[in-house]
Amino acid sequence: MNDCVLLREIPTACGRRFGHATLNVPATLNALSLEMIDRLAPQLDRWLADPDVVGVVLDGAGDRAFCAGGDVRALQREIVAARAAGASAAPAVVPAFFEREYRLDYRIHTSLKPILCWGHGVVMGGGIGLMAGASHRVVTHQTRMAMPEITIGLYPDVGGSWFLNRMPGRTGLFLALTGAQLNAADARFAGLADFVLAQPDHDAVLSALSVTCWSRNADSNHGKLSHLLDEMCDEEDLAPSRLRMHYDRIDTVIGRRGLDAIVPRLQALAADADPWLATAGKTFAHGAPSSAVLSSLMLQRARHLSLAEVFRLEYRVSVAATMAPDFAEGVRALLIDKDRAPRWQDDSVSAVDRARIESFLAPGKEGSHPLADLVG
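Residues numbered from 1 in each chain as written. Predicted model: local features only at pLDDT ≥ 70, side-chain atom pairs only at ≥ 80, totals over all residues. Heavy atoms only, no water.

Chemist: Give a description of the overall build of the protein chain that names residues and reports values.
Modeler: When you go through the protein chain residue by residue, the secondary structure sums to 17 helices and 9 strands. Considered along the principal axes of its C-alpha atoms, the protein chain spans approximately 65 × 50 × 40 Å. Looking at the protein chain as a whole, 54% of its 376 residues are labelled buried. Across the protein chain, contacts joining residues at least 24 apart in sequence account for 74% of those joining residues at least 6 apart. Split by element, the accessible area of the protein chain, about 15600 Å² in all, is 52% carbon and sulfur. If the 38 positive side-chain charges of the protein chain are averaged to one point and the 44 negative ones to another, these points end up 3 Å apart. (Helix = DSSP H or I, 4+ residues; strand = E, 2+ residues; numbered from the N terminus. Buried < 20%, exposed > 50% of the residue type's maximum accessible area, 1.4 Å probe, protein only. Contact = heavy atoms within 4.5 Å. Areas by Shrake-Rupley, 256 points an atom, 1.4 Å probe, with all protein chains shown as cover. Lys, Arg positive; Asp, Glu negative; His and termini not counted. Charge placed at Lys NZ, Arg CZ, Asp CG, Glu CD.)

Right, here's the structure in full:
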């Protein structure tokens, strides 16, 4: 599995280096597995601790994706096998995956050194988790982002409870409930991207890093990297932001009266003349009702939490939610059998037992929280 993440270094002028990590499972659109996390995370820690490493580049192999999300098929297989064996508790891989994934995401968010994430092609779920905290987030004209967890019986995690709450207006909850796809302009409007570059310029950026003289001053390097990327930005013929275009409409649809009032308005979007809004409405209508309830509840509960507190809350919720029936069924329908006909536990949002969903958020009995050492 050493090839699942390629780890290299880019020598630069003045003798310092950039770390360079490439997610390298293009056949699965670089879906993030526990093995990939365990290869990337310790090397990232070493780079961030090395005074001669001035920054890190994170990208994905192949032309189709940076990262299509977490490897939920692997988690589903373990859960189904555990249930078949009569186990009621989560198999060990489930809490291990979420603890280590969130720890890695948090490390990226809190790095003092610049981290350049090249978000080309598909960037979804766990891929956004890796990208959201990077200091320099690049998207291309082919970038397609989404948090589509409602289609597999989950909710937008990997810090989604934090960054969705910080998007303009009510767009964060809209994206959580609909899994709507974002283009490059959308990503920038939503605060998920900083620079738009052309994919063919990827190698030119790496070359520019190598011929630039970097210092040991992180603030200076942040500014220098921003200037370098600004000089290479390519927004010619950039598709407009649908999220910005429909901002007022989204604000009205989501409103401020709670999920019960949102449901019929989102369902009505399925017949909208605008294809992007119609797709969003259809995705909501076919998504897991339990996910809609959980996604809304998480954004409410996390509104005033710090990033570290959000990751601790998401850890508990994610372990519980993956063990609920809708997750295994959603992954089966979308990614394994691919019949796209999930049999959800509830037939409507109004039928969801809210107390059951709220129980996912209850403090666990694990003693010291596995992410208790995260600060801030």
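Chemist: So, the packing of aromatic side chains: which residues are in play, and what are the values?
Modeler: Summed over the entire model, instances satisfying the criterion amount to 7 aromatic pairs. Each ring, one from phenylalanine 174 and one from tryptophan 276, has its centre 5.9 Å from the other, and the planes form 45 degrees; the classification is tilted. In this pair, phenylalanine 174 is assigned in helix H6 (residues 171-178) and tryptophan 276 in helix H13 (residues 275-286), connecting sequence segments 102 residues apart. Here phenylalanine 174 matches tryptophan 276 in class, with each residue buried. Residues phenylalanine 189 and tyrosine 247 carry aromatic rings whose centres are separated by 6.2 Å and whose planes lie at 90 degrees to one another, so their mutual orientation is edge-to-face. Of this pair, phenylalanine 189 sits in helix H7 (residues 184-190) while tyrosine 247 sits in helix H11 (residues 247-254), placing them 58 residues apart in sequence. We classify tyrosine 247 as partly exposed; its relative accessible area is 26%. Through pairs of rings, three or more aromatic residues link up here, namely Phe97, Phe98, Tyr102, Tyr106 and Phe311. (Phe/Tyr/Trp six-rings, centres within 6.5 Å; stacked < 30°, edge-to-face > 60°.)

Chemist: Let's hear about helix H12 (residues 259-269): which residues, and what values?
Modeler: Residues Leu259, Ala261, Ile262, Val263, Leu266 and Leu269 constitute the buried set of H12. Buried-residue contacts for H12 involve H6, H11, H13 and helix H14 (289-301).

Chemist: Could you give an account of the state of the cysteines, with specific residues and numbers?
Modeler: Overall, the coordinates contain 1 disulfide when judged by the stated rule. Disulfide pairing places cysteine 14 opposite cysteine 213 at an S-S distance of 1.7 Å. Across the disulfide from cysteine 14 to cysteine 213, rotation about the S-S bond amounts to roughly -105 degrees, and the bridge is consequently left-handed. Here cysteine 213 lies in the loop between helix H8 (202-211) and helix H9 (218-232) and cysteine 14 lies in the loop between strand E1 (5-11) and strand E2 (17-23), a separation of 199 residues in the sequence. (Disulfide = S-S within 2.5 Å.)

Chemist: I'd like a description of a positive patch on the surface, backed by residues and values.
Modeler: On the surface, Arg73, Arg77, Lys338 and Arg340 cluster together into a positively charged patch. The residue lysine 338 is located in the loop between helix H16 (325-336) and helix H17 (354-359) in this model. (Patch = residues over 30% accessible without salt bridge, like charges linked within 9 Å, V, L, I, M, F, W, Y side chains within 5 Å. Salt bridge = Lys/Arg side-chain N within 4 Å of Asp/Glu carboxyl O.)

Chemist: Any details on the sheet that holds strand E3 (residues 53-60)? Residues and values, ideally.
Modeler: If you walk across this open sheet you meet the 6 strands as E1-E2-E3-E5-E7-E9, and the pairing is mixed. If you trace the sheet from one side to the other, it starts and ends with E1 and strand E9 (195-196), each paired once. Inspection of the sheet shows E3 paired to strand E5 (residues 115-119) by 3 bridges, in the parallel sense. Looking at E5, one finds that valine 56 is bridged to isoleucine 115. (Pairing = 2+ DSSP bridges.)

Chemist: So what's going on with the environment of aspartate 346? Residues and values would help.
Modeler: Within the secondary structure, aspartate 346 sits in the loop between H16 and H17. For the pair aspartate 346 and serine 290, spaced 56 residues apart in the sequence, the C-alpha separation amounts to 7.1 Å. For aspartate 346, the contacting residues outside a window of four places in its chain are Pro289, Ser290, Ala351, Val352 and Arg356. At 2.9 Å, the side chain of aspartate 346 forms a polar contact with the side chain of arginine 356. (Polar contact = N/O pair within 3.5 Å; in protein donor to acceptor, adjacent residues only side chain to side chain.)

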